[in-house]
Amino acid sequence: MSEKVEVKPVAEFEDGDREILTVNGKSIGVIQYDGNFYALSNTCLHDCGPVCTGRVHEKMDGEYTGTGKPLDWSHNEDEIVISCPWHGWTYDLETGEHLATDDIQLPTYEVEIEDGDVYIIVE
Ligand code: FES
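Each value, and the rule that gives it
Residues numbered from 1 in each chain as written. Predicted model: local features only at pLDDT ≥ 70, side-chain atom pairs only at ≥ 80, totals over all residues. Helix = DSSP H or I, 4+ residues; strand = E, 2+ residues; numbered from the N terminus. Buried ≥ 20, exposed ≤ 12 C-beta atoms within 10 Å, placed from the backbone. Pairing = 2+ DSSP bridges. Axes fitted to C-alpha atoms, helices over the stretch in contact; angles between N-to-C directions. Core = buried A, V, L, I, M, F, W, Y, C linked by C-beta atoms within 7 Å. Contact = placed C-beta atoms within 7 Å.

A.B. asks: Could you clarify how one ought to interpret the overall build of the protein chain in this entry?
C.D. replies: Across its full length, the protein chain carries zero helices and nine strands. The N-to-C order of helical and strand elements in the protein chain reads β-β-β-β-β-β-β-β-β. Here the protein chain holds 123 residues, and 21% of them are scored as buried.

A.B. asks: Even after reading the chapter, I still don't get the sheet that holds strand β3 (residues 26–33), so can you show me in this structure?
C.D. replies: Neighbouring strands of a sheet are bound in pairs by backbone hydrogen bonds; such pairs are parallel or else antiparallel. The six strands are arranged β1-β9-β8-β4-β3-β2 in an open sheet whose pairing can be described as antiparallel. This sheet does not close on itself; its edge strands, each paired only once, are β1 (3–9) and β2 (18–23). Here the strands of the sheet are splayed against their neighbours by 30° on average, with no regard to which way each runs. Examined bridge by bridge, β3 and strand β4 (residues 36–41) share six bridges and lie antiparallel to one another.

A.B. asks: How should the nonpolar core be read in this particular structure?
C.D. replies: Nonpolar side chains in soluble globular proteins tend to be buried together. With 21 residues, the main nonpolar core has Val 30, Ala 39, Val 51, Ile 82, Tyr 91 and Ile 120 as its most contacted residues. When residues of this core are traced back to their parent elements, those giving at least two are β3, β4, β6 (72–83) and β9 (117–122). Dropping the residues within four chain positions of it, Val 51 is found in contact with Asn 42, Cys 44, Ile 82, Cys 84, Tyr 91 and Leu 106.

A.B. asks: What am I meant to see in the sheet that holds strand β7 (residues 90–92) here?
C.D. replies: A sheet is described by the order of its strands in space; here three strands give the open sequence β5-β6-β7, paired in antiparallel fashion. The sheet is open, and its two edges are formed by β5 (55–63) and β7, each paired on a single side. For this sheet, the mean inter-axis angle between neighbouring strands, taken without regard to orientation, is 55°. Relative to β7, β6 runs antiparallel, the two being bridged by three bridges. When the sheet's bridge partners are listed, Ile 82 is paired in β7 with Tyr 91.

None of the figures reported here should be taken as evidence of function without further support.
See the structure below:
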């Protein structure tokens, strides 16, 4: 059975803000980025670090330019990621997918905005 949990008013989030909650023993991070809200498990799948306290940023794509040459890096504005502050594991902010391994996915939670307040739906 799912539970609808109030986080706080939308107006109290500034861009990049996050709120860490504990719901039914689960640590969950609610993050506002560029006008959108995301909710993910705050327990990193590497070594249980507080992943939702990490840096949120655009994914970097590196293009091979030849043997012995540096990659040609560019920002991917369409994919926003979060990097765990402990050892840098990085996950897609929306899907929770680990950037390097499809088999690893951080749990995510539905976010609802109602009457100016942010809620998350927790199973
Ligand atoms: S605990 Fe998150 S990267 Fe190691």
